[in-house]
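Secondary and tertiary structure notes
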Amino acid sequence: MSYKPLYINPTDETPQVILDPENNRFEFVGNSYPENSTKFYSPILNWMKEFIDSSPKQDLSVDFNFDYFNTSSAKYILEILRLIQDHQDKGNKCLIRWYYFQDDTDMLEAGEDYQMTITVPFEIIERTDTF
Amino acid sequence: MNGVMQKMIYSYEGEMNNAILNSILYAMEHKMVELGEKPPFIKKLNSVLIECCQNLIHHSDQPYESNYSYYPSVTVYHTDEGYLIHTRNLIHNQKVEKLKHYIDKINGMSKNELKEYFQTVLTNGQISAHGGGGLGLLNIIRKSKELRLNYEFEPANEDEMFFYLSFTV
């Protein structure tokens with residue numbers, strides 16, 4: 001079954017978003033500090049809710065690869081993680097990959113904080129490339 | 001300032017929005033590289049500036065009369081202790097007590113208490129119309145050197161006060 005993918009191009013303050021079930025790519029990459037995070041994240045949450053509500057049988061690996069995110073994005077990232085949890089609770093295999101730059105302890109700790117809020121397997125991966 | 005080295009390295013006063021924030025981040029990144037700071041620290045400082053400037057965007061109350069001196073401002077000083085960030089914005093009188101109370105509360109928290117409180121607000125808190133989650137100041141204090149936010153209020157006119165916030169990263 002194919003499901004219409006969601007692609008959002010990155011800007012200075014918003015991440016690249018890829019939600020593409022057919023190619024099994026689920027990624028958030030870049031910065032996230034929009035002035036209005038509700039406006040930016042609403043379509044993403046809606047897409048994910050619809051996708052999960054349609055109860056697809058699909059394993060999900062989601063990459064979170066942020067350089068910066070602000071605290072209002074932090075709330076929406078948690079909402080996304082909770083939706084992935086819902087998908088797992090429906091019997092799908094899910095995995096979160098959280099990337100951080102070497103020595104960026106703030107991003108590492110943010111990952112550890114999120115890790116505690118869900119039971120989805122959560123890998124925290126150090127990026128060794130430069131900032 | 002007790003003879004302590006304090007050099008202003010960046011200052012902006014005027015209307016605040018994300019386009020201006022991006023130019024502040026760009027300028028600061030270059031300045032920090034010039035000063036020999038390492039990438040993880042530059043990221044920390046810029047992420048604090050993002051929160052500060054977005055607080056100025058979302059929480060500056062508009063003055064009743066247009067007045068240039070009512071614009072928000074952000075200033076960064078290089079000191080012996082690190083980088084001192086100073087912001088100013090206008091807020092309504094009736095919000096002052098609540099804000100004072102809130103800052104006093106988080107100023108008294110330890111590193112672990114701040115982490116726990118952040119978690120609680122993150123997981124249980126409501127999201128406001130512009131997407132704010134009440135986490136901005138908490139995030140800033142957690143990244144501050146002394147886990148402390150200094151503040152002052154000064155009357156601007158009958159209805160509003162200047163809110164001055166400063167801390168070191």
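Procedures and definitions
Residues numbered from 1 in each chain as written. Chains lettered and ligands numbered in written order. Predicted model: local features only at pLDDT ≥ 70, side-chain atom pairs only at ≥ 80, totals over all residues. Heavy atoms only, no water. Helix = DSSP H or I, 4+ residues; strand = E, 2+ residues; numbered from the N terminus. Rg over C-alpha atoms; globule rule 2.2 N^0.38 Å. Buried < 20%, exposed > 50% of the residue type's maximum accessible area, 1.4 Å probe, protein only. Areas by Shrake-Rupley, 256 points an atom, 1.4 Å probe, with all protein chains shown as cover. Lys, Arg positive; Asp, Glu negative; His and termini not counted. Charge placed at Lys NZ, Arg CZ, Asp CG, Glu CD. Axes fitted to C-alpha atoms, helices over the stretch in contact; angles between N-to-C directions. Left-handed = near helix turned anticlockwise from the far one by under 90°. Contact = heavy atoms within 4.5 Å. Buried area = accessible area lost by both parts, 1.4 Å probe. Salt bridge = Lys/Arg side-chain N within 4 Å of Asp/Glu carboxyl O. Nonpolar A, V, L, I, M, F, W, Y, C, P; charged D, E, K, R; others polar. pLDDT = per-residue confidence, 0-100. Pairing = 2+ DSSP bridges. 1 Å grid on protein atoms, 1.4 Å probe; cavity = no way out; pocket = protein on both sides within 12 Å on 5 of 7 lines; lining within 4 Å. Points joined across faces, edges and corners; volume = space filled by probe spheres on them.

Within chain A, the secondary structure is distributed over three helices and six strands. In chain A, the succession of α and β elements from N to C terminus is β-β-β-α-β-α-β-α-β. Against the 2.2 N^0.38 benchmark of 14 Å for 131 residues, chain A shows a C-alpha radius of gyration of 14 Å, consistent with a compact globule. Referenced to the eigenvectors of the C-alpha coordinate spread, the extents of chain A come out at roughly 40 × 30 × 25 Å. Put simply, chain A has 131 residues, and 54% of those count as buried. Working note: accessible area of chain A is about 6100 Å², and carbon and sulfur atoms make up 46% of it. Positive and negative side-chain charges of chain A, numbering 11 and 23 respectively, have mean locations separated by a distance of 9 Å.

Turning our attention to the packing of helix α2 (residues 71-89) of chain A against helix α4 (residues 111-124) of chain B. α4(B) packs onto α2(A) with a crossing angle of 65° between their chain directions and a minimal axis gap of 9 Å. Relative to α4(B), the crossing made by α2(A) is right-handed. Two secondary-structure elements touch here, α2(A) through Thr71(A), Ala74(A), Lys75(A), Leu78(A) and Arg82(A) and α4(B) through Phe118(B), Val121(B), Leu122(B) and Thr123(B).

Right, let's get into the interface of chain B and chain A. With 37 residues of chain B at the contact, the number on the chain A side is 29 residues. Contact between chain B and chain A buries roughly 2600 Å² in total, counting both sides, with carbon and sulfur atoms accounting for 52%. Where chain B touches chain A, the interface holds three salt bridges. Taken together, the elements giving at least two residues each to the side of chain B that touches chain A come down to α1 (18-34), α2 (39-59), α4 and α5 (136-143) of chain B. Looking at the side of chain B that touches chain A element by element, the count peaks at 12 residues for α2(B). For the side of chain B that touches chain A, the class distribution of residues is 13 nonpolar, 18 polar and six charged.

Tracing the backbone through its elements, the reader meets Leu49(B) in helix α2. Ignoring sequence-local partners within four residues, the contact set of Leu49(B) consists of Leu21(B), Ile24(B), Leu25(B), Met28(B), Val74(B), Val76(B) and Ile85(B).

Once that is clear, we can look at the confidence of the model for chain B. Looking at chain B as a whole, its pLDDT mean stands at 90, while 91% of the residues score no less than 70. At the low end of the mean pLDDT range in chain B sits α4(B), at 91; at the high end sits strand β4 (residues 150-155) of chain B, at 97.

Another aspect to go through is the sheet that holds strand β3 (residues 83-92) of chain B. Residue and element names in this part refer to chain B. The antiparallel open sheet is built from five strands, whose spatial order is β1-β2-β3-β5-β4. The sheet terminates laterally at β1 (6-13) and β4, the two strands that pair on one side only. The mean inter-strand angle of the sheet, taken between neighbouring strand axes irrespective of direction, is 20°. Judged from the nine bridges that link them, β3 and strand β5 (residues 160-168) form a sheet pairing that is antiparallel.

Once that is clear, we can look at the layout of surface pockets. In this structure, the second largest pocket occupies an estimated 570 Å³ of space. Along the walls of the second largest pocket sit 28 residues, with Asp106(A), Ala110(A), Asn139(B), Arg142(B) and Lys143(B) positioned nearest its centre. Elements with a minimum of two residues in the lining of the second largest pocket: β4 (60-69), α2 and α3 (105-115) of chain A together with α2, α4 and α5 of chain B. For the lining of the second largest pocket, the per-class residue count stands at 10 nonpolar, six polar and 12 charged.

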